[in-house]
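Below are the chains, spelled out letter by letter.
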Amino acid sequence: MCVSRALTVVTTTDSAAKAEELARGAVEARLAACAQISAPVTSVYHWRNAVETGEEWQVLLKTTEERYDALEAHLLAHHDYDTPEIIATPVLRGSAEYLAWIASETAERA
């Protein structure tokens, strides 16, 4: 069985409620098989010529390469940051059953 390459996609937002909304929306739309929310994390970054520090919630989504573009578009449409963090990392290895589950849960439905 050929299984799509799995990705983990991370984004951050400034509240638990927003993180849950992004996670739930992506899973309900079958753009991600699941999502974990970690928080709070402290982010330090350059923004508008200054170094900023803020408390954020990190959302880690599991998807496939085939669904990445749609997931990115979904996150951009529902995120309230001007330039949200959206970074995809390929899953190099994993349980065959789990990777097949990600592919199954994110497959486009007819």
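Residues numbered from 1 in each chain as written. Predicted model: local features only at pLDDT ≥ 70, side-chain atom pairs only at ≥ 80, totals over all residues. Heavy atoms only, no water.

In the annotation of an unreviewed UniProt entry, the chain is listed under the name Divalent-cation tolerance protein CutA and assigned to Streptomyces spongiicola. Quoted straight from UniProt, the Sequence similarities (unreviewed entry) entry for the chain says "Belongs to the CutA family." (UniProt positions renumbered as here; feature names shortened; annotations may be inferred.)

Peer 1: Can you break down the pattern of salt bridges residue by residue, with the values?
Peer 2: This model, assessed by the stated rule, comprises 7 salt bridges. Of the charged contacts in the structure, one is a salt bridge between Asp 14 and Lys 18, with a shortest N-O distance of 2.8 Å. Exposure remark for Asp 14: the relative accessible area of 37% places this residue in the partly exposed category. A residue is classified by how much of its surface remains accessible, and Lys 18, at 29% relative accessible area, is partly exposed. Residue Arg 67 pairs with Glu 108 through a salt bridge whose shortest N-O separation is 3.7 Å. (Salt bridge = Lys/Arg side-chain N within 4 Å of Asp/Glu carboxyl O. Buried < 20%, exposed > 50% of the residue type's maximum accessible area, 1.4 Å probe, protein only.)

Peer 1: Break down unusual backbone geometry for me, citing the residues and quoting the values.
Peer 2: Going from Ala 39 to Pro 40, the amide bond is cis rather than trans, its omega being -20°. At Arg 30, a residue that is not glycine, the phi angle is positive and equals roughly 60°. Its location among the elements puts Arg 30 in the loop between helix H1 (16–28) and strand E2 (34–47). Its relative accessible area of 29% is what places Arg 30 among the partly exposed residues. The residue Asn 49 is not glycine, and still its phi comes out positive at about 65°. Taking the relative accessible area as the measure of exposure, Asn 49 reaches 85% and is therefore exposed. (Helix = DSSP H or I, 4+ residues; strand = E, 2+ residues; numbered from the N terminus.)

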